[in-house]
Amino acid sequence: MTMTTAPPTTSPDPVSVPVEPPPKRLKLHGRAFYESIGSPKRIVAPMVDASELAWRILSRKYNADAAYSPMLHARLFAETEPYRRQSLRYAPTSDTEPALSYDGEPKSDRPFLIQFCANDPQHLLAAAKTAQHHCDAVDLNLGCPQGIARKGHYGAFLQEQPDLIYKLINTLHKELDIPVTAKIRILDTKAKTLEYAKMVLDAGASILTVHGRRRDQKSHNTGLADWSYIRYLRENLPPETVIFANGNILYNADVEACLEVTGADGVMCAETNLYNPAVFMPPTASFEEKFPRVDVMVRQYLQIVRDLTFGEGNPVVELSKERYREHASLTCVKSHLFRLLHAVFNKKEYHYIRNTLGKATGHRFNEILELADELEKVVEEQLKLTPETPEQWDEIMKEAGGPGADAKILRIPWWRCQPYVRPTPQQAYENGAMQKSKKELNAASKGSKEPKRELDAESAASDSKEGTKRQKVEEPQSEQIKANDQLASLESNVSG
Ligand SMILES: Cc1cc2nc3c(=O)[nH]c(=O)nc-3n(C[C@H](O)[C@H](O)[C@H](O)COP(=O)(O)O)c2cc1C
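Just so it is clear, the model here is predicted, and its values are computed rather than measured.

With that out of the way, let us pick up the overall build of the chain. Helices and strands together make up the secondary structure of the chain, namely 24 helices and nine strands. When the 496 residues of the chain are sorted by exposure, 40% land in the buried category. Contacts in the chain between residues far apart in sequence, at least 24 positions, make up 69% of those at least 6 positions apart.

Dropping the structure here:
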């Protein structure tokens, strides 16, 4: 445990009342830190354009214990005020400012971890020093596998530079007033992943999040996360190491299964949280609590955005495009609604709602609120035609079961929040959504075996089963591309 001591108070003037410096927070490390923030088990993942304040508040209402910010770009955050203002909303500094909730607010947004991508320890430190006043820990993204991360040289593309990773983490460990944490992907073998994890922890990471997929598992090739790697880390790292497991969560039951199978301290979930924010509800919750009505969820979510944007009880007014862009929670509304409503939009008869949402402009929030009225109407009409019964729910839940990734896909009605299940790589090849690379085609035409990555026996076995299991995909391309475009345009604004 590292302790930061307060500087001695000097008060030579006997007339003035001695002013105590604000007590410096005790800097805790590892498990002591984890326990100090309430030992969170259900964690909202860092998600560009998606784990912003409104979404975190909603997820916490549905039992999330902790949440990460979207990934922020350390250098831009350190150097440019507009980017900082877009990325984080600060506490009001005077009584005249509206009392809106803000990022890291004690009553509504803790525990809260701010994530950065970086490849320069000094940029990272400068960014983290500003961020540390708004959160419980600063996280380093070592998992992003996207092209923009390759180009910008961050995320999973630092894997080949352990010395740089060590320096990035260790600088924060030594210099920050709050702990540093890190999020990694697994490597090709368990032994290599363990060595990597040890290095990250030795550098000073207080919590290690392990996404059980490799760097090349992205887009249509995402496949399943391998929980056995996380279990291996749990068994080979000291018990005081805090591990969050990430990957393969579709249903509430998967959270418990993941904790059991991996032995991790907490489970982080990204994509399913976006499709069903109630994914973190406990096993004892009812069917209705685990799969809330989508119109109810949309209403609750929009109410949060409304309060954050206009202030509780204030009228909704049309914002200028400039003011609109200042409200991070408002700019994410459309993409959140598209995800929440994906099962509704699969039905042809409701394409008109999808089209209206597509055309809606975020700065006219009233248009979006009208859409929620329409949604409520169609769900109510459906329920009059086919009222739900607890027996039906029992029937649906009978399908549940099987550990984690082997659990069956449940037939949740379209008017309830539900995960998005994508085709397996095999199905994606078959329906043309994914094509073999030139290398793979050449290999196939020469009759040689497809190039295989180096695997240990256990993962080779689990790989061979992969085609028959359900598949989950993270980081939808369009979203990431949008986020990347934003970063790229910020980059060019800054450099220009
Ligand atoms: C929309 C979206 C944005 C993401 N952005 C980030 C990010 O900013 N930082 C990060 O470390 N991972 C990001 N990820 C990856 C997730 O945090 C997570 O590691 C991955 O999706 C696997 O978890 P899942 O199976 O629960 O989706 C993102 C994922 C999604 C779906």
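Moving on to the nonpolar core. It is characteristic of soluble globular proteins that their nonpolar side chains tend to be buried jointly. Grouped together as the largest cluster of nonpolar side chains are 117 residues, with contacts concentrated most on Phe-116, Val-138, Ile-169, Val-200, Leu-208 and Val-267. It is helix H13 (residues 294-310) that contributes the most residues to this core, eight residues altogether. Once residues lying within four places of it in the same chain are set aside, the contact partners of Val-267 are Lys-41, Arg-42, Ile-43, Phe-244, Ala-245, Ile-249, Val-255, Cys-258 and Leu-259.

In this section: the pairing of strand S8 (residues 242-246). Across the five residues of S8, five count as buried, placing the element largely inside the fold. Burial along S8 is two-sided: the residues Val-242, Phe-244 and Asn-246 and Ile-243 and Ala-245 are all buried. Pairing analysis gives five bridges linking strand S7 (residues 205-211) to S8, with the strands arranged parallel. Along S8, the bridge assignment pairs Val-210 with Ala-245. Remark: the S8/helix H10 (residues 252-262)/strand S9 (residues 266-269) crossover connection has right-handed handedness.

This part takes up the packing of helix H7 (residues 162-175) against helix H8 (residues 190-203). Running from amino to carboxyl end, H7 crosses H8 at an angle of 30°, the nearest separation of the two axes being 8 Å. With respect to H8, the axis of H7 lies roughly parallel. In the crossing of H7 with H8, the sense of the turn from one axis to the other is right-handed. The segment H7 lies against H8, with Pro-162, Ile-165, Tyr-166, Ile-169, Asn-170 and His-173 engaging Met-199, Val-200 and Ala-203.

Tracing the backbone through its elements, the reader meets Ile-37 in the loop between helix H1 (30-36) and strand S1 (42-44). As a C-alpha pair, Ile-37 and Phe-112 span 75 residues in sequence and 9.3 Å in three-dimensional space. If near-sequence neighbours (up to four positions away) are discounted, Ile-37 is found in contact with Ala-66, Pro-111 and Asp-136.

Once that is clear, we can look at unusual backbone geometry. The omega angle of the peptide bond from Arg-110 to Pro-111 is -10°, so this bond is cis rather than trans. One can find Pro-111 in the loop between helix H4 (81-87) and strand S4 (112-117). Even without a glycine there, the phi angle at Ser-39 is positive, about 45°. Position of Ser-39 among the secondary structure elements: in the loop between H1 and S1. We classify Ser-39 as partly exposed; it has 14 C-beta atoms within 10 Å. Even without glycine at this site, Asn-248 takes up a positive phi of about 75°. Tracing the backbone through its elements, the reader meets Asn-248 in the loop between S8 and H10. Residue Asn-248 is classed as buried on the basis of its 26 C-beta neighbours within 10 Å.

Consecutive residues of a regular strand have side chains that alternate between opposite faces of the sheet. The element strand S6 (residues 180-185) is extensively covered by neighbouring structure, given that six of its six residues are classed as buried. Alternating residues of S6 divide into Val-180, Ala-182 and Ile-184 and Thr-181, Lys-183 and Arg-185, and every residue in both groups is buried. Relative to S7, S6 runs parallel, the two being bridged by five bridges. Residue pairing for S7: Lys-183 is matched across the bridge by Thr-209. Where the polypeptide runs from S6 across H8 and back to S7, its parallel neighbour, the crossover connection is right-handed.

Residues shown with low pLDDT carry predicted positions that ought not to be read at fine detail. The predicted model of the chain has a mean per-residue pLDDT of 85, with 80% of residues at 70 or higher. Between residues 1-21, whose pLDDT stays under 50, and residues either more than four places distant or in other chains, the model counts 19 contacts. Within the model, the stretch residues 447-496 combines pLDDT values under 50 with 63 contacts to residues more than four positions away or in other chains.

Attention shifts here to helix H19 (residues 365-385). Since one α-helical turn is 3.6 residues long, residues separated by three or four positions face the same way. Helix length check: H19, at 21 residues, gives a terminal C-alpha distance of 31 Å against a target of 30 Å (1.5 Å per residue), a fit within 8%. Among the residues of H19, those classed as buried are Phe-365, Ile-368, Leu-375 and Val-379. Buried residues of H19, seen end-on, are gathered within an arc of 60° and therefore sit on one face of the element. Turned more than 90 degrees away from the buried face of H19, the exposed residues are Asn-366, Asp-373, Lys-377, Glu-380, Glu-381, Lys-384 and Leu-385. Against H13, helix H15 (328-331), helix H16 (333-340) and helix H18 (351-359) lie the buried residues of H19.

Let us now look at H10. Within the span of H10, buried status applies to Asn-252, Asp-254, Val-255, Ala-257, Cys-258 and Thr-262. Each element contacted by the buried residues of H10 is listed here: S1, helix H9 (227-236), S8, S9 and helix H12 (287-290). Backbone geometry just after H10 places Gly-263 at a positive phi near 75°.

A few words on the environment of Ile-249. With respect to the helices and strands, the residue Ile-249 is situated in the loop between S8 and H10. With 28 C-beta atoms counted inside 10 Å, the residue Ile-249 sits in the buried group. If we ignore the near neighbours within four places in the chain, the residues touching Ile-249 are Asp-254, Val-255, Cys-258, Val-267, Cys-269, Thr-272 and Val-279.

For any two helices packed against each other, the geometry comes down to the angle between their axes and how far apart the axes lie. The geometry of H18 relative to H19 is characterised by a closest axis approach of 11 Å and an angle of 170° between their N-to-C directions. It follows from the interaxial angle that H18 and H19 lie roughly antiparallel. Side by side, H18 and H19 meet where Ile-353, Thr-356 and Leu-357 of the first sit next to Leu-371, Glu-374 and Leu-375 of the second.

Calculation rules
Starting afresh in each chain, residues are numbered from 1 along the sequence in its written order. Only residues with pLDDT of at least 70 get local features here, since the model is predicted, and only at 80 or more are side-chain atom pairs given and counted; chain-wide, interface and lining totals rely on the full set of residues. Labels follow the DSSP assignment, with helices taken as runs of H or I lasting at least four residues and strands as runs of E lasting at least two, numbered in each case from the N terminus. Working definition of burial: number of other C-beta atoms within 10 Å of the residue's own, with buried at 20 or more, exposed at 12 or fewer, and partly exposed in between, all C-beta atoms being placed from the backbone. Placing a C-beta atom from the backbone of each residue, one calls two residues in contact when those atoms lie within 7 Å. A set of buried Ala, Val, Leu, Ile, Met, Phe, Trp, Tyr and Cys residues, joined through C-beta atoms within 7 Å, is what we mean by a nonpolar core. Pairing between two strands is assigned when DSSP locates at least 2 bridges connecting them. Here a crossover is taken to be right-handed if, once the strands point away from the viewer, the path from the first strand over the helix to the second is traced clockwise. Here, axes are lines fitted to C-alpha atoms. For helices the fit covers the stretch in contact, and angles between N-to-C directions go from 0 to 180 degrees. For this classification, under 35 degrees means roughly parallel, over 145 means roughly antiparallel, 65 to 115 means roughly perpendicular, and everything else is oblique. Crossing handedness: left-handed means the near helix sits turned counterclockwise from the far one by under a right angle, and right-handed means the same turn made clockwise. Residue-level confidence of the predictor is what pLDDT reports, using numbers from 0 through 100. Take the residue count of a helix, subtract one, and multiply by 1.5 Å to get its expected span. When we speak of the arc, we mean the arc of directions from the helix axis to the C-beta atoms.

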